[in-house]
Amino acid sequence: MTDQLTVSVLGTGIMGAAMARNLARAGHLVRVWNRTRAKAEPLAADGAHIADTPAEAVQGADVVLTMLYDGPAALDAMREAAPALRPGAAWVQSTTAGIGAIAELAAFADEHGLVFFDAPVLGTRQPAEAGQLTVVAAGPVEGRAAVQPVFDAVGARTLWTGDDGAAGSATRLKLVANSWVLAATAATGEVLALSQALGVDPQNFFDLIAGGPLDMGYLKAKAGLVLNDQLSPAQFAVATAAKDARLIVEAGRQNGVRLDVAAATAERMERAAAQGHGDEDMAAAYYASFDEKPVD
């Protein structure tokens, strides 16, 4: 293929592993690194090279894609990769890092001659594995042709929000979208918990709102994970959701907006994580409504 790229993926958790796999399936040369190597090793079966260090992973890379826990983790990995980074390479920064971290990450890119793209993705495990993510991206127009094959491999569509990745317009939109996703997830858990407490069959609630403006496919999908005990493997983990909720609260605070629902959602996710549900799907925030696991 004429547009074959060497793509380095730093971070092979739920999302990063799926993205790396789809990049390999699209015919790109993929080099991956994860701080816990065991999480990266299954990708060897898909043709990816498993690197022991970030520097090894980025050798010869046309594009470096970071999909790590948060902004500091992405910056730490790139600092470790620094000796092997190729000036002129593109950096697709897909970690949900928060507004404050984007400027610092973009500054690192500038110092090392990298073309920086602020490019978080919208979607969870299933769309990631299917290559159906939505890529929300900001970056220079003249550099987009170099990264579009990467976006095409991992996503169903790309939404460009600006030509300056350092401005964080893509991250800002991602936080707005996540604020809705997290609020809906928390509300789903509370609906199920209240139904149980009041002796209401949740199906009666679903029937009540069916076909009307209150009906919502996402509600039924997340409720189904709880009701059918399908919280593992996570589509999007409780612990990560708690982190994102805190980023949303902080973004609001820094811009003069009080986000009470997001703050309560962060506390709810953190409580569920403390109860031992941190690695389960974020729908497990349902359990934060109870001091003990409810009796079926």
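The preceding data block contains the structure.
Overview of the structure. (Residues numbered from 1 in each chain as written. Predicted model: local features only at pLDDT ≥ 70, side-chain atom pairs only at ≥ 80, totals over all residues. Heavy atoms only, no water.)

## Describing the packing of aromatic side chains
So, step 1. In total, this model carries seven aromatic pairs according to the counting rule given.
So, step 2. Taken together, a centroid distance of 5.8 Å and an interplanar angle of 50 degrees make the contact between F205 and F206 tilted.
So, step 3. With relative accessibility at 25%, the residue F205 sits in the partly exposed group.
So, step 4. Given a relative accessible area of 7%, F206 falls into the buried group. (Phe/Tyr/Trp six-rings, centres within 6.5 Å; stacked < 30°, edge-to-face > 60°. Buried < 20%, exposed > 50% of the residue type's maximum accessible area, 1.4 Å probe, protein only.)

## Describing a nonpolar patch on the surface
So, step 1. A surface patch of nonpolar side chains, amounting to about 230 Å² of accessible area, comprises L159, L173 and V176.
So, step 2. Along the chain, V176 turns up in helix α8 (residues 169-198). (Patch = residues over 30% accessible without salt bridge, like charges linked within 9 Å, V, L, I, M, F, W, Y side chains within 5 Å. Areas by Shrake-Rupley, 256 points an atom, 1.4 Å probe, with all protein chains shown as cover. Salt bridge = Lys/Arg side-chain N within 4 Å of Asp/Glu carboxyl O. Helix = DSSP H or I, 4+ residues; strand = E, 2+ residues; numbered from the N terminus.)

## Points about the pattern of salt bridges
Pairing between side chains of opposite charge can happen when the charged atoms of each approach one another.
So, step 1. What the rule picks out here adds up to 13 salt bridges.
So, step 2. Residue E190 pairs with R268 through a salt bridge whose shortest N-O separation is 3.4 Å. Separated by 78 residues along the polypeptide, E190 in helix α8 and R268 in helix α12 (residues 260-277) bring together distant segments of the chain.
So, step 3. Taking the shortest distance from any N to any O, the salt bridge between D281 and K222 comes out at 2.9 Å. Of this pair, D281 sits in the segment after α12 while K222 sits in helix α10 (residues 217-227); the two residues are 59 residues apart in sequence, bridging distant segments of the chain.

## Description of the pairing of strand β2 (residues 29-33)
So, step 1. Among the five residues of β2, four are classified as buried, and the element is accordingly described as predominantly covered.
So, step 2. Pairing of strand β1 (residues 6-10) with β2, which is carried by five bridges, proceeds in the parallel orientation. Bridging across to β2, T6 finds its partner in L29.
So, step 3. Following the chain from β1 across helix α1 (residues 14-25) to the adjacent parallel β2, one finds a crossover that is right-handed.
So, step 4. Here β2 runs beside strand β3 (residues 49-50); their pairing, made up of two bridges, is parallel. In the strand pairing of β3, R31 is matched with H49. (Pairing = 2+ DSSP bridges. Right-handed = clockwise from strand over helix to strand, strands pointing away.)

## A word on the packing of helix α4 (residues 71-81) against helix α5 (residues 99-111)
So, step 1. Two numbers describe how α4 lies on α5: the axes approach to 10 Å, and their chain directions differ by 10 degrees. In this view, α4 runs roughly parallel relative to α5, as classed from their interaxial angle. Across from G71, A74, L75, M78 and R79 in α4, the residues of α5 making contact are A101, E104, L105 and F108.
So, step 2. Tallied by class, the residues present in the contact of α4 with α5 amount to six nonpolar, one polar and two charged. (Axes fitted to C-alpha atoms, helices over the stretch in contact; angles between N-to-C directions. Parallel < 35°, antiparallel > 145°, perpendicular 65-115°, else oblique. Contact = heavy atoms within 4.5 Å. Nonpolar A, V, L, I, M, F, W, Y, C, P; charged D, E, K, R; others polar.)

## A few points about the environment of L192
So, step 1. Of note, L192 is situated in helix α8.
So, step 2. Sequence spacing of L192 and F205 is 13 residues, and the spatial spacing of their C-alpha atoms is 9.5 Å.
So, step 3. Here L192 is in contact with P202, A223, V226, L227 and Y286, once residues within four sequence places are set aside.

## A closer look at the environment of Q203
So, step 1. Relative to the helices and strands, Q203 resides in helix α9 (residues 202-209).
So, step 2. Residue class for Q203 comes out partly exposed when judged on its relative accessible area of 41%.
So, step 3. The spatial distance from the C-alpha of Q203 to the C-alpha of K220 is 9.7 Å, given a sequence separation of 17 residues.

Purely geometric stuff here, so don't read any function into it on its own.
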